[in-house]
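# Architecture and fold: a report
Each chain, letter by letter, is given below.
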Amino acid sequence: MSDKVDLWALSDLATPWCIRVAVTLGVAEHLARGVTKIDELARAADCDADSLARVLRHLVDKGVFEETADGEFALNEAARVLVEPGPLRGNLHLDGWGGRIAGAWSGLLDAVRTGRPTYEQVFGLPYWEDLDANPGLSASYDAQMKDGGRSVPDPAALVDDDWENVHHVVDVGGGTGALLAETLRAHPHVRGTLVDLPRTVARSGEVFTSAGVADRVAVSGQSFFDPLPAGADVYLLTRLLLDWPDEPATTLLARCAEAAAPHGRVVVDGGVSPGHTPAKGGLMVMMLTGGRTRNLDQFGALAAKAGLAVAASGDAPSGRFIVECRPA
């Protein structure tokens, strides 16, 4: 007999919002600097002391933070994670992209009822237009996407991990270039081209310089729905295809097919699941853009419309499922 599911706990909204408020106010960082009394914490965080205490006591009850004396708080093992640099804090911070993502969940019901994205209904603009209209929001988004949620991007993006005959990689929608930089570091004989919007690739210089690969990189500030730099050996789409519904996803793949012809490969890393397995997840992109994760059969049909044929698929050393295509 299976354990009883606690639906009250699963439906609790107080805890995730309290965590986000604590992150946004920098509570963990203030505690790490020795600011522990609630009045001092509230002054440091520029908020109301009584309200902050209520939030922190809720989290203490849930195992995040400790109240070591009346009105005095401290980090515990769970809370120390909130001091560490990395994507978690950005995802939880309500004043940036993480806040948009948190608020987008209010559109889930209408997304399910209509089958259409609801981001515009919640925030007034379609998702990509909202990023374009808000430089601070787009910078926050780029910061979160630069490592895809990993502290070090994984450059093992080919099914057989054989890079001997690869000399030029185009990272399509590669953000500020963190993955491409690691790929070039791992393979010194390879040169790369980063393709993303001008506002995004403008932030890539420091990434490539820090990685020591700036002399082997070109950048192309453009939409990836426009013709792509042609003639490369590999066109890499990392966690990109799932952001788009079928029609624009087909257009994106067609652009890759045109640029890769006749001998290049189009490599999709993320957004495709094996075989007939029903694709899981994808709730967020459903609300943001109408995108989706596809199983291999669904992706194969999409690729065929774009002039590509699936040539190989398999797991990367990290367990990510990768699909390689060639122009048909």
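Think of each chain on its own: its residues are numbered from 1, step by step along the sequence as written. Where local features are concerned, this predicted model is filtered to residues with pLDDT of at least 70; where side-chain atom pairs are given and counted, the filter is 80 or more; whole-chain, interface and lining totals use all residues. Each side-chain value is worked out from all heavy atoms of the structure, with water and hydrogens disregarded.

Further remarks concern the overall build of the protein. Secondary structure is summarised from DSSP: a helix means a run of H or I of at least four residues, a strand means a run of E of at least two, and numbering begins at the N terminus for each. A count of helices and strands for the protein gives 18 helices and 11 strands. Every radius of gyration here is taken over C-alpha atoms, with the globule rule written as 2.2 Å times N^0.38, N being the number of residues. In terms of overall size, the protein behaves like a compact globule, its C-alpha atoms giving a radius of gyration of 22 Å where 328 residues would be expected to give roughly 20 Å. C-alpha atoms of the protein, sized along the principal axes, occupy 70 × 45 × 45 Å. Relative accessible area decides the class of each residue, using a 1.4 Å probe on protein chains only: under 20% of the type maximum gives buried, over 50% gives exposed, and in between gives partly exposed. Relative to its 328 residues, the protein shows a buried fraction of 45%. Long-range contacts, defined here as pairs at least 24 residues apart, represent 62% of the contacts in the protein between residues at least 6 apart. All accessibility values rest on the Shrake-Rupley procedure with a 1.4 Å probe; residue burial counts only the protein chains present in the view. For the protein, the exposed surface amounts to about 16,200 Å²; the carbon and sulfur share of it is 54%. Lys and Arg are tallied as positive, Asp and Glu as negative. Neither His nor the chain termini are counted. Working definition for charges: the position is that of NZ of Lys, CZ of Arg, CG of Asp or CD of Glu. One way to put it: in the protein the 29 positive side-chain charges average out to a point 2 Å from where the 44 negative ones average out. In this description, contact between two residues means that some pair of their heavy atoms is separated by no more than 4.5 Å.

With that settled, consider the pattern of salt bridges. A pairing counts as a salt bridge when a side-chain nitrogen of Lys or Arg comes within 4 Å of a carboxyl oxygen of Asp or Glu. Within this structure, the stated rule accounts for 14 salt bridges. Residue Arg57 is joined to Glu67 by a salt bridge in which the shortest nitrogen-to-oxygen separation is 2.9 Å. Taken as a pair, Arg57 in helix H5 (residues 49-61) and Glu67 in strand E1 (residues 66-69) lie far apart in primary sequence, 10 residues in all. Looking at Arg57, the relative accessible area reads 33%, which means it is partly exposed. Accessibility expressed as a relative area gives 27% for Glu67, which makes it partly exposed. Between Glu324 and Arg265 there is a salt bridge; the shortest N-O distance is 3.1 Å. Of this pair, Glu324 sits in strand E11 (residues 321-327) while Arg265 sits in strand E7 (residues 265-269); the two residues are 59 residues apart in sequence, bridging distant segments of the chain. Both residues of the pair, Glu324 and Arg265, belong to the buried class.

A word on a negative patch on the surface. Candidates for patches are residues over 30% relative accessible area with no salt bridge; among them, like charges are joined within 9 Å and nonpolar side chains (Val, Leu, Ile, Met, Phe, Trp, Tyr) within 5 Å. On the surface, Asp160, Asp161, Asp162 and Glu164 cluster together into a patch of negative charge. Turning to its location among the elements, Asp160 is positioned in the loop between helix H12 (135-145) and strand E3 (168-172). Asp160 gets classed as exposed once you look at its relative accessible area, which sits at 53%.

Two aromatic rings from Phe, Tyr or Trp, using only the six-membered ring of Trp, form a pair when their centres are within 6.5 Å; if the ring planes differ by under 30 degrees the pair is stacked, by over 60 it is edge-to-face, and anything between is tilted. Per the counting criterion, the structure on display carries 10 aromatic pairs. When the centroid spacing of 6.3 Å and the interplanar angle of 80° are considered together, the rings of Tyr127 and Tyr141 count as edge-to-face. With Tyr127 in helix H11 (residues 127-133) and Tyr141 in helix H12, the pair connects residues that are 14 residues apart, well separated along the chain. Accessibility classification places Tyr127 together with Tyr141 in one group, the buried group. Taken together, the aromatic side chains of Trp97, Tyr119, Phe123, Tyr127, Trp128, Tyr141, Phe224, Phe225 and Trp244 make up a single cluster linked through ring pairs.

So, on to helix H16 (residues 246-260). The span expected for a helix works out to 1.5 Å for each residue beyond the first. The end-to-end C-alpha distance of H16 is 21 Å, a good match for the 21 Å that 15 residues give at a rise of 1.5 Å each. Turning to H16, its buried residues are Ala249, Thr250, Leu252, Leu253, Cys256, Ala257, Ala259 and Ala260.

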